[in-house]
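Here is how the chains run, residue by residue.
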Amino acid sequence: MELNRYDYIILGGGGSGGWLALAMKKQQFFERYKIAIIEKDASKAEDRTWCFWLKSEPDAMLAQLIAGTWKINRHHNKELRLEPYTYYQASAVKFYEAIRNVCPPIVDTIKTISQHEDGVTIIGENNQYHAQYVFTSLPSLPIQVDFLQSFYGWRIRTQQPYFSPSGIDLMNFSIPQSGCTQFIYILPYSSTEALVEVTRFAERPIDEKEALQLRDAYLNNLQYSITYEESGAIPMTAALDVTKRFHGENERIIPIGTAAGATKPTTGYTFLKMKKHAEDIVAALTQKTPIPKPYRKYRFRLYDRILLRILRETSHYGKEIFDRLLSKAPQALVLKFLDEQTTLFDEAKLFATLPKRLFLKNLWLELKWKK
Ligand SMILES: Cc1cc2nc3c(=O)[nH]c(=O)nc-3n(C[C@H](O)[C@H](O)[C@H](O)COP(=O)(O)OP(=O)(O)OC[C@H]3O[C@@H](n4cnc5c(N)ncnc54)[C@H](O)[C@@H]3O)c2cc1C
């Protein structure tokens, strides 16, 4: 087995590994260093419909990935404007291509990672590697995840116009809840093409058969063909929450992506958070300052824990909570809140739309349970 030496190794060429490689390769500072990505999947292609929202124009890096833009959320057939935000889809194909252009991944499956005095050793199926720093997105969760956002999505093409292309439908609750919180997410590309995704928040992930039944009930005998499929299960857990802002100066194995807590537990959105974390890591390495974690403020972590408790213990409230939020609060305020950019005053306005007793009771339980 060969030993290959690098300065920086990125484990996993998915979302977070990709953003980190792109951010490093943009900086002249890293030209003097040997950087490698190691990825087990030799043919990463279109495997997820990455969406996010922004108030400002996307930067050059994001702009080259954009595959769709929407300015309206169509909730209960009402057109609700997102402005000043725009909802975007990034192309996974273009993202993986951009990574291959700057840092073609080494194909290997990692078995072990260990830190020593002089760096980090990685054992793969094919080779052995050594680096000063390792950034890892490998899904080695040290916790039991007992609540998931699970989903099956299909890009479908109809013969007759069926969709309203101007607006997404973030959470369509017209399907039976079956003791969980579940909804259809629609991303229309034209009047005859859309991504239709059946999503469930629950302990028990949705299986393909259930998702197909819900999709077909929703589409109601419509004639269509399928052009793309995706599925996933994203951990909805506070156990990955980061409570410290920085890694210690001797830490050489740095988690990134979902494994590092970059996924918002109550929504699953991660894409921009991984990008920001990558840029912050690059800034820290160039300025020789402590390496940051994807830290979130205490109160936003607490809000997530309260909502997760409600969804876990009293799942029948899920539909009502999200429905109220999306129907009664301005969409821009909801997006700002999900971005964790709201003020306490904004949050008071949002919380006024929700069942107050339920949230206060769960706040109390959450604080009591934490002690
Ligand atoms: C289908 C889907 C749709 C999503 N949509 C959105 C969205 O719209 N917006 C959003 O913000 N988030 C979304 N997410 C959530 C999140 O953005 C993604 O999960 C994101 O890919 C997480 O990035 P990551 O780097 O942590 O993990 P990944 O992107 O999964 O990267 C990990 C990489 O590690 C590789 N790997 C694993 N084990 C090994 C090993 N032993 N050796 C070598 N390589 C290994 C994997 O092949 C993979 O490429 C979605 C997730 C899924 C699954």
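Residues numbered from 1 in each chain as written. Predicted model: local features only at pLDDT ≥ 70, side-chain atom pairs only at ≥ 80, totals over all residues. Heavy atoms only, no water.

Draft legend 1. Looking closely at helix α8 (residues 331-338). Counting buried residues along α8, 6 of its 8 residues qualify, which places the element largely inside the surrounding structure. Where α8 is concerned, the buried positions are Gln 331, Ala 332, Leu 333, Val 334, Leu 335 and Phe 337. Turning to α8, the residues buried within the fold contact β4 (50-54), β6 (72-75), β7 (78-81), α6 (298-313), α7 (318-328) and α9 (344-351). One or two positions beyond α8, positive phi appears at Glu 340, with a value near 65°. (Buried < 20%, exposed > 50% of the residue type's maximum accessible area, 1.4 Å probe, protein only. Helix = DSSP H or I, 4+ residues; strand = E, 2+ residues; numbered from the N terminus. Contact = heavy atoms within 4.5 Å.)

Draft legend 2. The arrangement of the site of the ligand in detail. Taken together, 29 residues are adjacent to the ligand, and Ser 16, Glu 39, Cys 51, Thr 270 and Phe 271 come closest. Interatomic distance of 3.0 Å between a side-chain N/O atom of Trp 50 and an oxygen atom of the ligand. Here Ile 110 contributes a backbone N or O atom positioned 2.9 Å from a nitrogen atom of the ligand. Only α1 (15-25), β4, β18 (224-235) and α5 (271-287) provide two or more residues apiece to the shell around the ligand. By residue number, the principal contributor to the shell around the ligand is β18, which donates 3 residues. Both domains that furnish three or more residues to the shell around the ligand are identified here as domain 1 (3-46 + 91-142 + 238-287) and domain 2 (148-234). (Near = heavy atom within 4 Å. Polar contact = N/O pair within 3.5 Å; in protein donor to acceptor, adjacent residues only side chain to side chain. Domains from an automatic or database assignment.)

Draft legend 3. Structural view of the nonpolar core. Residues Tyr 87, Met 171, Tyr 185, Leu 187 and Phe 201 are the most contacted members of the largest nonpolar core, which totals 40 residues. Those elements giving two or more residues to this core turn out to be β4, β15 (167-172), β16 (181-190), β17 (193-202), α6, α7, α8 and α10 (356-370). Among the elements that take part in this core, α6 stands out by supplying 8 residues, more than any other. In terms of domain composition, this core takes at least three residues from each of domain 2 (148-234) and domain 3 (298-370). Discounting residues that sit within four places of it in the chain, Tyr 87 has contacts with Cys 51, Phe 52, Trp 53, Gly 68, Thr 69, Trp 70, Leu 82, Ile 168, Leu 170, Tyr 185, Leu 187 and Tyr 269. (Core = buried A, V, L, I, M, F, W, Y, C linked by side-chain atoms within 4.5 Å.)

Draft legend 4. Examining the domain arrangement of the protein chain more closely. We note that the domain assignment places domain 1 (3-46 + 91-142 + 238-287), domain 2 (148-234) and domain 3 (298-370) within the protein chain. With centres defined by C-alpha atoms, the gap from domain 1 to domain 3 works out at 32 Å. If you look at the interface, domain 1 gives 8 residues, while domain 3 gives 7 residues. When domain 1 packs against domain 3, close to 740 Å² is buried across both sides, 61% of that on carbon and sulfur atoms. (Buried area = accessible area lost by both parts, 1.4 Å probe.)

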